[in-house]
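Now for the letters of each chain:
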Amino acid sequence: MGLLTDIYNTVAKFFRPQEELDGDASKSVATNRLKLVLMQDRTNLTPKILEQMRGEMIDLLSKYLEMDKDMLELNFEQEGDQVALMLSIPVIRAKDEDEIEEALKAEKENSDEDFEDDEDESDDDEDDDTDVCVEDETDEDSETVEESAEDTEEVKPKKKRRKKKVTTPEDMQTSEAEDINNDAVQETTENAVVEE
Amino acid sequence: MTGRVIVITSGKGGVGKTTTSANIGTALAKEGYKVVLIDTDLGLRNLDLLLGLENRIVYTIVDVIEERCKLKQALVKDKKNPNLSLLAAAQTRDKSAVNAEQLKEICDKLKEKNDFVLVDCPAGIEQGFQNAVAGASEAIVVTTPEMSAIRDADRIIGLLEAKEEIESYKLLLNRVRPSLIKSNEMMSVDDVVEILSCPLIGIIPEDTGIITSTNKGEPIVNDENALAGKAYRNVAQRILGEEVPFLDLDEPKGLMAKVKNIWEKLKAKV
């Protein structure tokens, strides 16, 4: 009887569509989960650093938008080869030009950081993945503000994370200097490695 | 003569480091090279069991370090192949009985008189790992197509990269099950290689023969018919610089093959 079933199953397999044979494809779940967890392992992005990033992003965006800060979500997501940083914030209202100008002015007085540079840099790669829910979408202004907010969220994935490492702190800093975003993070990774 | 010192490591336990060490060592010795296997898993030694040498061990690596015997005295010759010998780990001590410097010294001495020194590394990334890696210039990272093993392998690769002495490291993917890969229930070889971005040195299929070979204390490379044995022999060839294509692990395709499959099953039942 068992033999007959075997034969039946084998024969039946010929006629089943390929998708059905693929099953639930748990391997793709594993691959995606693994890619994410490895990205966190490799960059050593601790919850503390993420929290700090969150705080700074709120500061940045609140110059342009009035938003529900408690609902802000910050996540990493994998899309193909690229890892994207997804930021989702419910926007209550886009600030008008005067308010933005005021905020910028206040900020210039406080520090010398150049945010204009950041905005120009990533203008070319448009990315619509971020779902910024704009509840009060009234004028042209809100559109453009949203745009620039999205751009600053873009995180360039590190293509090649591996190179032979020299363990002196000076060398680390010079070799990793190109990557401004990950500089601090990178350093902590290095330290962790050296300690072990 | 200056031999090559290769450490076999993985991070995670139970992925087949010791089996791999035993088999690659045996395969290289069969090719006529002089090979020493060092078990650095102090307190949890097992390489002696896989080689069937557990009753012949008199001195261990700790005895050598603490100068109770000469290095040569502690080397246990394989039953079948005089080219292969084992430097066993001490079973009654722990990892702190040895330090990296001492292990490096032993490796340096052994590579003068042997073609290959294979270091079987304990699981983990602590002292035992640091010791095992100290004397090596090459590494084989063993992993399986499972998330936890891959994650640990990634960690190990990161640590190996930080080590100046390690000139190259390669990936050995163990316990691959082609039928599961086919049904998309297991990560494929390509998936793993892509995730770890590490060159591949071998793909070893899951083989029940491994269990019986362990039972007998006889590495599976000695079994000419076993698929895993063949895969390990190929790994040895690649270590020697030969270009050997990876085994095609896919089950036979096509109507004829399926008919043959059924026929095999029929024969097995009768």
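Since we're looking at a predicted model, the values are computed, not measured. Here the residue numbers are simple positions, counted from 1 along each chain's written sequence. Here every chain gets a letter starting at A, and every ligand a number starting at 1, in the order they are written. With the structure being a predicted model, the display of local features is reserved for residues of pLDDT at least 70 and the display and counting of side-chain atom pairs for 80 or more, all residues being used for whole-chain, interface and lining totals. Just so you know, side-chain values use all the structure's heavy atoms and leave hydrogens and water out.

### Some remarks on the packing of helix α3 (residues 26-43) of chain A against helix α7 (residues 147-161) of chain B
At step 1: Relative orientation of the contacting elements α3(A) and α7(B) amounts to 25°, with a least axis distance of 10 Å. With respect to α7(B), the axis of α3(A) lies roughly parallel. The handedness of the crossing between α3(A) and α7(B) is right-handed. For the pair formed by α3(A) and α7(B), the contact residues are A30(A), R33(A), L34(A), V37(A), L38(A), D41(A) and R42(A) on the first element and M147(B), I150(B), R151(B) and D154(B) on the second.
At step 2: Partitioning the contact of α3(A) with α7(B) into residue classes produces six nonpolar, no polar and five charged. Lines fitted to C-alpha atoms define the axes here, with helix axes fitted over just the stretch in contact, and angles between the N-to-C directions of these axes take values from 0 to 180 degrees. In this description a helix means any DSSP run of H or I spanning at least four residues, a strand means any run of E spanning at least two, and both kinds are numbered starting from the N terminus. Angular relationships are summarised with four words: roughly parallel below 35 degrees, roughly antiparallel beyond 145, roughly perpendicular across 65 to 115, and oblique for the angles in between. For any helix crossing, the convention is left-handed if the near helix is rotated counterclockwise from the far helix by under a right angle, and right-handed if that rotation is clockwise. Contact between two residues is taken to exist if any of their heavy atoms lie within 4.5 Å; hydrogens are not considered. The residue classification treats Ala, Val, Leu, Ile, Met, Phe, Trp, Tyr, Cys and Pro as nonpolar and Asp, Glu, Lys and Arg as charged. All others, Gly included, are polar.

### Brief notes about the sheet that holds strand β6 (residues 138-143) of chain B
Remark on secondary structure: sheet strands pair via backbone hydrogen bonds, oriented parallel or antiparallel.
All names here are of chain B.
At step 1: Whether two strands pair depends on DSSP finding at least two bridges between them. Pairing is mixed across the open sheet formed by eight strands, whose spatial order is β3-β4-β2-β5-β1-β6-β7-β8. Strands with a single pairing partner mark the edges of an open sheet, and in this sheet they are β3 (75-77) and β8 (200-205). Averaged over neighbouring strand pairs, the angle between their axes works out to 20° when direction is ignored.
At step 2: In the sheet, strand β1 (residues 4-9) pairs with β6 via four bridges, with the strands oriented parallel. Bridge pairing in β6 links T9 to V141.
At step 3: The strands touched by helix α1 (residues 17-30) are β1, β2 (35-39), β4 (84-87), β5 (116-120), β6 and β7 (168-176); relative to β5, the strand with the most contacts, the crossing angle is about 170°.

### As for the side chain of N23(B)
Residue and element names in this part refer to chain B.
At step 1: Among the structural elements, N23 can be located in helix α1.
At step 2: The buried label applies to any residue whose accessible area, calculated with a 1.4 Å probe on protein chains only, is under 20% of its type's maximum; exposed applies above 50%, and partly exposed to all values in between. Looking at N23, the relative accessible area reads 2%, which means it is buried.
At step 3: Once you skip the residues sitting within four places of it in the chain, N23 turns out to touch P219, I220, V221 and Y232.

In short, geometric facts, not functional conclusions.
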